[in-house]
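Observations on the model geometry
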Amino acid sequence: MSSSVLPLIEGADPANFPLDSFKVAIAVLLSKALDLSLDTAFSGVDFGRKGVDFTVAVPRFRLKSKIPELIEKVTSTVYSFTPNHYLEQCVGESPFVHFYVRTTTLFKLVLERIHQSPASNGVPFGSNWQGAGKKVVIEFSSPNIAKPFHAGHLRSTIIGTVLSNLFEANGWDVIRMNYLGDWGKQFGLLAVGFKRYGSEESLANNAIMHLFDVYVKVNRDAALEKERGEPEITDQKAREVFRKMESGDESTLSLWRRFRELSIHKYAEVYNRLNVRFDVYAGESLVRSDHIKAAMAALEANNLLTDKTSKESNNNWKEKKVAMSLGTLRTAEEEDAEANPSGRGVAKAVDLNQWKLGKPVVQKPDGTTIYIMRDIAGVFQRYEQYKFDKHIYVVGDQQELHVAQFFKIVSLLNAPFADRLEHVSFGRVNGMSTRKGDVKFLDEILDTAKEAMLAQMQQKEEKFKDIEDPDYTADQIGMTCVKVQDMQAKRVHSYNFDPQRMTSFEGDTGAYLQYAHVRLCSIERKVAPTVVVPSDPSQINFDLLAEPKAREIVFILGTYPDVVRTALKTYEPSNIVSFCFRLSHIISSAWETLIVMGQEHELAQARLFLYMSARDVLGSAMRLLSLSPLTRM
Ligand code: ARG
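Analysis parameters
- Residues numbered from 1 in each chain as written.
- Predicted model: local features only at pLDDT ≥ 70, side-chain atom pairs only at ≥ 80, totals over all residues.
- UniProt positions renumbered as here; feature names shortened; annotations may be inferred.
- Helix = DSSP H or I, 4+ residues; strand = E, 2+ residues; numbered from the N terminus.
- Expected span 1.5 Å × (residues − 1).
- Buried ≥ 20, exposed ≤ 12 C-beta atoms within 10 Å, placed from the backbone.
- Arc of directions from axis to C-beta.
- Contact = placed C-beta atoms within 7 Å.
- Pairing = 2+ DSSP bridges.
- Axes fitted to C-alpha atoms, helices over the stretch in contact; angles between N-to-C directions.

Per an unreviewed UniProt entry, the chain goes by arginine--tRNA ligase and derives from Somion occarium. Per UniProt, the chain has the following entry under Catalytic activity (unreviewed entry): "tRNA(Arg) + L-arginine + ATP = L-arginyl-tRNA(Arg) + AMP + diphosphate". Turning to the chain, the UniProt annotation filed under Sequence similarities (unreviewed entry) states: "Belongs to the class-I aminoacyl-tRNA synthetase family."

Structure follows, in structure tokens:
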């Protein structure tokens, strides 16, 4: 390979993944030395462990010759290896071959690509076109009106937002959907409660809080009646109202509609604060009845419906009740409880026992709809509307069974999109209730984090003076802390909500990340106007960045597009979070060696450019995580 021209390989995209150039160069070498196709060779090139750029595990090619022979073939200059524009050195360490890339080429490809975004290339550094032409619906957050927005909803909101950003960065067309829990008997109950305890003024003020208040009170009424063995008037009324709603009675519906709209209005405020947005506010109430009917008919036609006796339903209900007492109320459980109004009539169910998925009820004895049925009918409706290539449900692991049942039923109905549905699950958050045991509202959680930050900021009087909008800044850092704590571990893990640790500046916290970004921003301010980076980076002399630290920074910056691509495979925001921390740590260890201030001009420029590139990449990774990177704090 005398020139620097590389062949095209399927799956390699050097324009958006600058490090792919090196992988291709390695593939060229491997394919010659080991007589492999370029594609096979390319797929065998991995990032190396610390201190190594790329590594190839030779056994993976399953070739006939002995490993040492194969390694010899790759590394010996007799066969193939000569240092070139891309590769400086290769070393065998059985069963691996390690590659070291040419530093000048590395600097040029990575730093120029970061700088060039997005003008000449169409997408900013870190993004790519892999998903072009494909559409994904991502359903997340999905709180229940009149009930607290609990930790599970917060996790769903955060994970769903990051996934949406990730899909977008990978070129997909993304529909961000919020599926509100806005239907079911509890809305009958709420209407009854509103008559007794509601106030128009409080509703206008804070719909979510007020409706929750009313809901708690009317629930207490219903519980008391039951406890005392009195006629269950509240419950009966609630059923009646809900039946009216289902039959389309305008006067009951208009009240409910107001609850829904005012709640959405309030939610939108909080989402806005969190830097989260939706394209669609869907909801259980918006699943059309013709879709429910069609789905019921399809179940019938496929012989999938069986009766469920009240005894069976009762068992079902008892199991769920245990789950309920453990954690948060869920629509699914309440609905299931509903499916068994003490033996009247027969519920319809689908027997999924042969898949160990139980026998979920899909229709109540009185014919009204149920949570799972709305999910089944709803996805047909969504497919009709969006013709999605993929549909992701971001829902906590407490609803694992529900989602599995729903997916199974959809596939038994031979839906053409059945294999496009994915459940992105996550573990619980512990300790997000107040001492009295009642749930905290999201607003309060965010306010607490913000105040903690503000208090810390005020301790540094000098700096505090310079902050333009301390309130905004504290709020952003606070939210960064909440989000980072949530995304740090793998999704499946549950974690303890720990305000103290979360808001600390020590250790890998959100505050630390913001600080790392602020510090990168401040360097440019400090050295201006003496040192200014030229607008054309090809005028910068990268050869002056000779320190191993500089190379380490450039290499990790180069991996950013790969991190984005990988996170889309794992659906793990934690992949991006650890990238941010790794980058921040390397930079913080570079400040002492890579000094800008007081250096000879050309050198200062090169170093400043390096820091600015790091700032851009860190900032873009933070934005991918839905954080707002700060410039001062
Ligand atoms: N509103 C539900 C709850 O809070 C979550 C909805 C999950 N999504 C779904 N398609 N079932 O429990």
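1. Quick look at helix 9 (residues 233-246)
In this model, helix 9 (14 residues) spans 20 Å end to end at C-alpha, consistent with the 20 Å of a helix rising 1.5 Å per residue. Residues Thr-234, Ala-238, Val-241, Phe-242, Met-245 and Glu-246 constitute the buried set of helix 9. Buried residues of helix 9, seen end-on, are gathered within an arc of 140° and therefore sit on one face of the element. Those residues of helix 9 that are buried are in contact with helix 6 (185-197), helix 8 (207-227) and helix 10 (250-274). Looking one or two places after helix 9, you find Gly-248, whose phi comes out positive at around 85°.

2. Overview of the sheet that holds strand 12 (residues 421-424)
Spatially, 5 strands are ordered 7-6-5-11-12 in an open sheet, and the strand pairing comes out parallel. The two strands at the open ends of the sheet, each matched to only one other strand, are strand 7 (280-283) and strand 12. On average, adjacent strands in this sheet sit at an angle of 25° to one another, irrespective of strand direction. One ladder, built from 5 bridges, connects strand 5 (residues 135-139) with strand 6 (residues 173-180); its direction is parallel. From the neighbouring strand, Glu-139 faces strand 6, where its bridge partner is Met-177. Sitting on the sheet, helix 5 (residues 151-169) is in contact with strand 5, strand 6, strand 11 (390-394) and strand 12, with an inclination near 155° to strand 11.

3. Points about unusual backbone geometry
In this model, Ser-94 is joined to Pro-95 through a cis peptide bond whose omega is 5°. Cis geometry marks the peptide bond from Ala-528 to Pro-529; its omega dihedral reads 0°. Tracing the backbone shows Pro-529 in the loop between helix 20 (510-527) and helix 21 (548-570). Not every positive phi belongs to a glycine, and Asn-303 is a case in point at roughly 60°. Given 8 C-beta atoms within 10 Å, Asn-303 falls into the exposed group. Positive phi is not limited to glycine here, since Lys-356 has a value of about 60°. Here Lys-356 lies in the loop between strand 9 (347-350) and strand 10 (361-363). For Lys-356, a count of 8 C-beta atoms within 10 Å gives the class exposed.

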